[in-house]
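Close look at the chain arrangement
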Amino acid sequence: MRVRRHVTCIALAAVGIGVASASRSGVHAQPQREVLAWAPMPTEPSKWVAPNRPHWQLPELVAKHKGQQNWSETVVNDATLRAEYLSSAPGTKTARRFHPDTRAWWIVQDGEIRFTIEGQEPFVARKGFLVQVPYRNVYSMETVGDKPSLRLEVNIGGATTMYPIDEKPAPLPGFDFIKVRIGGKGSYDARNKPYVDFNAVVAGIDPTRRFIADDRAVANIIRGRPQQPGPNDKGHFHLESAEFWFILEGQIRYRIGSLPVFIANQGDIVYVPTQTWHLASHAGTDMSTRLAMNGYQDLLHNWEPTEDQTRR
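This part covers a nonpolar patch on the surface. Together, Leu172, Phe175 and Phe177 give the surface a local cluster of nonpolar side chains, amounting to about 320 Å² of exposed area. If you trace the backbone, Leu172 turns up in the loop between β9 (149–156) and β10 (195–197).

In C-alpha cells form, the structure reads like this:
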C-alpha cells in the first residue's frame, strides 16, 4: 500500500535469514526481518471482472446519472469487499437496519447525512467524514439540507442485511423474511471509532491512520507529499486479497501491471485484482491522500528482491 520498502515475500525459501515472530491476532504484525520466498504468479495476468475496473472516475459517474437525485452504482464487488456509490435526494431516509456479522462503513463525498447509530448520539456527516458501524448495531441515514448527498458505502463481500422487528424489511427477490431470536453485537474500540472527520486529519488535529481494523477488512489513511518513483519500480502484489482505494485528497499516481500509468483524482475509485503488480504514489504538487481498503489487517506485500538479495 505504500510506495516501496523492498520487503521481499515471494512459501519461504531457505536463505538463512531469521524471521521474528509475528502475531496475526494483533492490529499490527511484529517487525520482521526480510526473507526470500517463492510466490505463485498466474501465467496469464489477472483480469478485472465487472463491475470492477482499474479506474472509476467520479465526473463520469456523475455525468452518467445527470438529472437523477437518487441513484446507485456498484464500483467494487469481489469475494472480499463490496462498494457502492449512492446518491440520495434531500429528505431521503433509509429503513433502520443492521448487518448480522459484518462491519459497514461510508465515505461522504457530498451533501449532508444524519447518521443515527444505536448507542451513539445522532450526528451529521459532511464531505470528508468516514463513518462506520459494527455488526448487529441498528442504524439509519437521512439526507438533510437542500441538496442530494453522495456517499461510498462499503461492506464485506456477500454481506446480508437484517431489520429490527418494528421495521418493515425492504423486499429481497427470492427471499422471505421470517422472525428470529438473536443476541450479541459488535462494539467500537480505540481503533474503530464511529467516525473520523478527514478534515481534522488534514488539520493535524486527528492522528488516525487506520480507520477500519476488523478481522475481515482494513481501511488505511495514507497521506503524503508528491513522490517520483523509479521508472522500473513495479511496486508489489497481494496473493489473498484484491485492493481498492478511494482518493480522499489531491492526486494519486497509479502504475498497475501493464496498464499505462494514470492519475486518480479526489472522489475516484481505483481497483487492483489479486496477483497483480501495482504501485500507488503521491502525485500533483500538494499533499494527497488515499483510503486503502482490503480484506486483511496484516496483508502480505510481495516485492521484487533487491539486487543484493538476488545475488545471494
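Attention shifts here to the packing of aromatic side chains. Scanning all chains against the criterion turns up 10 aromatic pairs. Relative to Tyr195, the ring of Phe123 lies with its centre 4.6 Å away and its plane at 40°, an arrangement referred to as tilted. Within this pair, whereas Phe123 is found in strand β6 (residues 123–125), its partner Tyr195 is found in strand β10, the two being separated by 72 residues in sequence. Ring plane angle 80° and centroid distance 5.8 Å describe the contact between Tyr163 and Phe177, whose orientation is recorded as edge-to-face. Taken as a pair, Tyr163 in the loop between β9 and β10 and Phe177 in the loop between β9 and β10 lie far apart in primary sequence, 14 residues in all. Owing to a relative accessible area of 16%, Tyr163 belongs among the buried residues under this scheme. Through pairs of rings, three or more aromatic residues link up here, namely Trp106, Phe115, Phe123, Phe129, Tyr139 and Tyr195. The side chain of Arg53 reaches across the aromatic face of Trp56, ending 3.7 Å from its centre.

Our focus in this paragraph is the pattern of salt bridges. Where charged atoms from two side chains of opposite charge come close, those side chains can pair. Under the defined criterion, the tally for this structure stands at 13 salt bridges. Of the charged contacts in the structure, one is a salt bridge between Glu73 and Lys64, with a shortest N-O distance of 3.1 Å. By relative accessible area, which is 11% here, Glu73 ends up buried.

Within this model, the largest cavity holds a volume of roughly 30 Å³. Grouping the amino acids of the lining of the largest cavity by side-chain chemistry returns 6 nonpolar, 2 polar and 2 charged.

Taken together, the 6 strands give an open sheet; going across it, the order is β2-β3-β9-β4-β7-β10, and neighbouring strands pair in antiparallel fashion. If you trace the sheet from one side to the other, it starts and ends with β2 (71–77) and β10, each paired once. Across the sheet, the mean angle separating the axes of adjacent strands is 15° when strand polarity is ignored. One ladder, built from 3 bridges, connects strand β7 (residues 129–133) with β10; its direction is antiparallel. The residue of β10 that forms the bridge with Leu130 is Val196.

What the 3 strands build is an open sheet, ordered β6-β5-β8; its pairing is antiparallel. The open sheet has two free edges, formed respectively by β6 and β8 (139–144), since each of these has just one partner strand. Taken pair by pair, the neighbouring strands of this sheet meet at an average axis angle of 30°, ignoring direction. Inspection of the sheet shows strand β5 (residues 112–117) paired to β8 by 6 bridges, in the antiparallel sense. The residue bridging Ile113 from the neighbouring strand is Thr143, located in β8.

Attention now goes to the nonpolar core. In this structure, Tyr85, Trp105, Leu152 and Phe244 are the most contacted members of the largest nonpolar core, which totals 32 residues. A total of 4 residues in this core trace back to one element, the largest contributor, which is β9. The residues contacting Trp105, other than those within four sequence positions of it, are Leu81, Val131, Gln132, Leu152, Glu153, Val154, Phe211, Ile212, Ala217, Ala219 and Met293. Trp106, Phe129, Val133 and Met141 belong to the second-largest nonpolar core, a separate cluster that totals 14 residues.

Positionally, Ile263 belongs in strand β16 (residues 262–265). Residues Ile263 and Ile252, 11 residues apart in the sequence, show an inter-C-alpha distance of 5.7 Å. Aside from chain neighbours lying at most four places away, what touches Ile263 is His55, Gln251, Ile252, Arg253 and Ala283.

Cut-offs applied
- Residues numbered from 1 in each chain as written.
- Predicted model: local features only at pLDDT ≥ 70, side-chain atom pairs only at ≥ 80, totals over all residues.
- Heavy atoms only, no water.
- Patch = residues over 30% accessible without salt bridge, like charges linked within 9 Å, V, L, I, M, F, W, Y side chains within 5 Å.
- Areas by Shrake-Rupley, 256 points an atom, 1.4 Å probe, with all protein chains shown as cover.
- Salt bridge = Lys/Arg side-chain N within 4 Å of Asp/Glu carboxyl O.
- Helix = DSSP H or I, 4+ residues; strand = E, 2+ residues; numbered from the N terminus.
- Phe/Tyr/Trp six-rings, centres within 6.5 Å; stacked < 30°, edge-to-face > 60°.
- Buried < 20%, exposed > 50% of the residue type's maximum accessible area, 1.4 Å probe, protein only.
- Lys NZ or Arg CZ within 6 Å of the ring centre and 35° of its normal.
- 1 Å grid on protein atoms, 1.4 Å probe; cavity = no way out; pocket = protein on both sides within 12 Å on 5 of 7 lines; lining within 4 Å.
- Points joined across faces, edges and corners; volume = space filled by probe spheres on them.
- Nonpolar A, V, L, I, M, F, W, Y, C, P; charged D, E, K, R; others polar.
- Pairing = 2+ DSSP bridges.
- Axes fitted to C-alpha atoms, helices over the stretch in contact; angles between N-to-C directions.
- Core = buried A, V, L, I, M, F, W, Y, C linked by side-chain atoms within 4.5 Å.
- Contact = heavy atoms within 4.5 Å.

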